Amino acid sequence: MSQAVADRECRSALQRGAPSILYFAHGLPGFAGLRRWELVEHGEARPFLWLRAVERPQAALLVVDPQEVVGDYRPGIPAGVWSRLGNGSEARSRRLVVVSLSGPEASANLRAPLVIDPQTMRGEQVILDDDQWPVRFPIAPHEASETPPGTGRSPACWSSAEK
Amino acid sequence: MLVLSRKIGQSLLIGNDIRIKVVEIRGQQVRLGLEAPDDVPVIREELQREVAETNAGSAAPDAGAVADLAARLRRQGPKAAPRGEGDK
């Protein structure tokens, strides 16, 4: 499945039906009091999405479907999460991970996935007990020979060469 | 802050439905048992703080840097999952 298709499926699952605003009853660590968030896409940033606070649009986290950055990501989500998501179900839930770009290298927080139920539109940033999953998992490091901007944009030819 | 002494096996109640029990004391470490309703998340404070820091580090990065990162990720694809080597 191409990344574009995966993106589209992720978006449609999250945006199915109204309302399109996600409710984080416990807020997000570091953003106290902001409970309503919306996912915003930006072509250049694909497969990344922005999770933007409705009440404070300048508060926007960079997020991504974990499948895009790590293979075989199957964290154990504590049972209490599903009732907090409004009888959410693991099967239909979506996960997103927060991406940090504060230094030269980027990392994804696999320890604290955002778990979202697209039906109830509730979400929670779940902090896992399992220390297998690092808070700062390095992603997409700079390549030894960076290709000039504007080239190498086709994922198909590059990902097949990697494997 | 309220400070109370407890022995092994003794508990504290917070409200009607949160119970914290001292299970074991081993040197500098205390093992606690917690019972709380499903709607109350229980989180280790230092982890919560670390997640808050990484969330803040994610907020509003430069759009150009994000586009570069996205291009690299599209080229490189996902990486293998870490195998229980612990948290950094």
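Residues numbered from 1 in each chain as written. Chains lettered and ligands numbered in written order. Predicted model: local features only at pLDDT ≥ 70, side-chain atom pairs only at ≥ 80, totals over all residues.

A. The overall build of chain A, seen in detail. Counting its secondary structure elements, chain A contains three helices and nine strands. Scored against the burial criterion, the 163 residues of chain A give a buried share of 35%. Across chain A, the fraction of contacts at a sequence separation of at least 24, relative to all contacts at a separation of at least 6, is 53%. (Helix = DSSP H or I, 4+ residues; strand = E, 2+ residues; numbered from the N terminus. Buried ≥ 20, exposed ≤ 12 C-beta atoms within 10 Å, placed from the backbone. Contact = placed C-beta atoms within 7 Å.)

B. Structural context of the confidence of the model for chain A. Here chain A shows a mean pLDDT of 80. Residues at 70 or above account for 76%. Confidence over residues 150-163 of chain A falls short of pLDDT 50; this stretch has twelve contacts with residues more than four positions distant or in other chains. (pLDDT = per-residue confidence, 0-100.)

C. Up close: the pairing of strand E8 (residues 122-125) of chain A. All names here are of chain A. Alternating residues of E8 divide into Arg122 and Glu124 and Gly123 and Gln125, and every residue in both groups is buried. In this sheet, E8 lies alongside strand E7 (residues 114-117) in antiparallel orientation, the contact comprising four bridges. Paired with Ile116 across the bridge in E8 is Gly123. Where E7 folds back onto E8 in an antiparallel hairpin, the turn is made up of four residues, including Met121, whose phi is positive at roughly 60°. (Pairing = 2+ DSSP bridges.)

D. A look at the sheet that holds strand E2 (residues 18-26) of chain B. All names here are of chain B. The three strands lie next to each other as E1-E2-E3, forming an open sheet whose pairing is antiparallel. Edge positions in the sheet fall to strand E1 (11-14) and strand E3 (29-35), since each of these pairs with one other strand and no more. Taking the axes of each pair of neighbouring strands and ignoring which way they run, one obtains an average angle of 25° across the sheet. When E2 meets E3, the two strands line up antiparallel, connected through seven bridges. The residue bridging Glu24 from the neighbouring strand is Arg31, located in E3. (Axes fitted to C-alpha atoms, helices over the stretch in contact; angles between N-to-C directions.)

E. Spotlight on the confidence of the model for chain B. All names here are of chain B. For chain B, per-residue confidence averages 89 on the pLDDT scale, and 93% of positions sit at 70 or higher. The lowest-confidence element of chain B is helix H2 (residues 63-76), averaging 90 in pLDDT; the highest-confidence one is E2, averaging 97. Confidence metrics for the complex model read pTM 0.78 and ipTM 0.78.

F. View of helix H1 (residues 45-58) of chain B. Here H1 of chain B is 14 residues long and its end C-alpha atoms lie 20 Å apart, about the 20 Å a rise of 1.5 Å per residue gives. For H1 of chain B, the elements touching its buried residues are strand E4 (60-64), strand E5 (94-100) and E8 of chain A. (Expected span 1.5 Å × (residues − 1).)

G. Inspection of the nonpolar core at higher detail. Grouped together as the largest cluster of nonpolar side chains are 43 residues, with contacts concentrated most on Phe48, Leu62, Val63, Val64, Val97, Val99 and Ala108 of chain A. Counting only elements with at least two residues in this core, the list comes to strand E2 (36-41), strand E3 (49-53), E4, E5, strand E6 (106-108), E7 and strand E9 (137-139) of chain A together with H2 of chain B. With five residues, the single largest contributor to this core is H2 of chain B. In contact with Ala108 of chain A, not counting residues within four places along its chain, are Val64, Val69, Val97, Val99, Phe137 and Ile139 of chain A. (Core = buried A, V, L, I, M, F, W, Y, C linked by C-beta atoms within 7 Å.)

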